Amino acid sequence: MIRRATVLFLAALVSLPAGAGQAQAAGYRYWSFWERDGTAWTYATQGPSLVRPADGDVQGFRFSVSEDSADAAKPRGTADFATLCAETPAREGEKRVALVIDFGTPADAPPGETPPAARTACARVPEDATTADALAAVAEPLRYDTNALLCAITGYPEKGCGEQISAQKDPAPEQGETDTGPSLGLAAGIAAVALLAAAATWQVRRRG
């Protein structure tokens, strides 16, 4: 019976979810580009150097680690044009573009770097300006790679550009979320192990 309990004990360990207690941060560390569609963010299908927003549009940028657009983190904070551009009046021959720049969480920051506080801005630019032009007007210095991939906004991060990340790490809670401690899967696994250990002890006493 002790041997059987041992087998069950090992089976319980094997059956624990692979992500229990930790998340595999496999993906790329980069600036994602978003467009505001009504009250929701949508992942942009073109780069900021190609998009030509209209007066009154809201555009967003978020620095994070993600596998692809499906799990990319969205910009946080106020994203209302009337609020962000309240002190920037319209001007003939120009347009206003509201920008939300979210530098992400410490968990997504490159080693040795700390993300600045999120910021918003209202860029007033020529009518034919792109989102990249609007961003350059309010958030320099910008850094691009040879393929025109946006690498840094206001100099953050100092190094790197879309590098692949594969190391495990504990995910940091998003703004407005609470870290509730060990995951449910991990807690269930610990309970199962404890139960099997108690069963083994009971069998030993019964045989004695």
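In this report, we go over the structure that sits alongside the text. (Residues numbered from 1 in each chain as written. Predicted model: local features only at pLDDT ≥ 70, side-chain atom pairs only at ≥ 80, totals over all residues. Heavy atoms only, no water.)

## Quick notes on the environment of Glu-140
Piece 1. Among the secondary structure elements, Glu-140 is positioned in the loop between α3 (131–138) and β7 (143–144).
Piece 2. For the pair Glu-140 and Ala-152, spaced 12 residues apart in sequence, the C-alpha to C-alpha distance is 9.1 Å.
Piece 3. Residues in contact with Glu-140, not counting those within four places in the same chain, are Leu-135 and Thr-154. (Helix = DSSP H or I, 4+ residues; strand = E, 2+ residues; numbered from the N terminus. Contact = heavy atoms within 4.5 Å.)

## Description of α3
Piece 1. Among all positions of α3, only Thr-131, Ala-132, Ala-134 and Leu-135 are buried. Angular distribution of buried residues about the axis of α3 spans 160 degrees; they occupy a single face of the element. (Buried < 20%, exposed > 50% of the residue type's maximum accessible area, 1.4 Å probe, protein only. Arc of directions from axis to C-beta.)

## Digging into the side chain of Asp-102
Piece 1. Here Asp-102 lies in strand β5 (residues 94–102).
Piece 2. Take Asp-102: its relative accessible area is 1%, and that puts it in the buried class.
Piece 3. When sequence neighbours within four positions are dropped, the list of residues in contact with Asp-102 reads Trp-31, Phe-61, Arg-62, Phe-63, Lys-74, Pro-75, Arg-76 and Ala-118.

## Points about a negative patch on the surface
Piece 1. On the surface, Glu-92, Glu-127, Asp-128 and Asp-133 cluster together to form a negatively charged patch.
Piece 2. Mapping Asp-133 onto the fold places it in helix α3.
Piece 3. Since its relative accessible area comes to 39%, Asp-133 is described here as partly exposed. (Patch = residues over 30% accessible without salt bridge, like charges linked within 9 Å, V, L, I, M, F, W, Y side chains within 5 Å. Areas by Shrake-Rupley, 256 points an atom, 1.4 Å probe, with all protein chains shown as cover. Salt bridge = Lys/Arg side-chain N within 4 Å of Asp/Glu carboxyl O. Lys, Arg positive; Asp, Glu negative; His and termini not counted. Charge placed at Lys NZ, Arg CZ, Asp CG, Glu CD.)

## Thoughts on the state of the cysteines
Piece 1. Counting across every chain of the model gives 2 disulfides.
Piece 2. Here Cys-85 is linked by a disulfide to Cys-122, with a sulfur-sulfur distance of 2.0 Å. Taking the torsion about the sulfur-sulfur bond, which here is approximately 105 degrees, the covalent link between Cys-85 and Cys-122 counts as right-handed. Note that Cys-85 is positioned in the loop between α2 (81–84) and β5 and Cys-122 in strand β6 (residues 119–126), a separation of 37 residues in sequence.
Piece 3. The exposure class assigned to Cys-85 is buried, which follows from its relative accessible area of 3%.
Piece 4. Judged by its relative accessible area of 15%, Cys-122 falls in the buried class.
Piece 5. Residue Cys-151 pairs covalently with Cys-161 via a disulfide, S to S 1.9 Å. Every disulfide takes its handedness from the sign of the S-S torsion; for Cys-151 and Cys-161 that torsion is -75 degrees, giving left-handed. Of this pair, Cys-151 sits in strand β8 (residues 150–152) while Cys-161 sits in the loop between β8 and β9 (164–165), and the two are 10 residues apart along the sequence.
Piece 6. Cysteine pairing for the chain (bonded cysteines numbered in sequence order): 1-2, 3-4. (Disulfide = S-S within 2.5 Å.)

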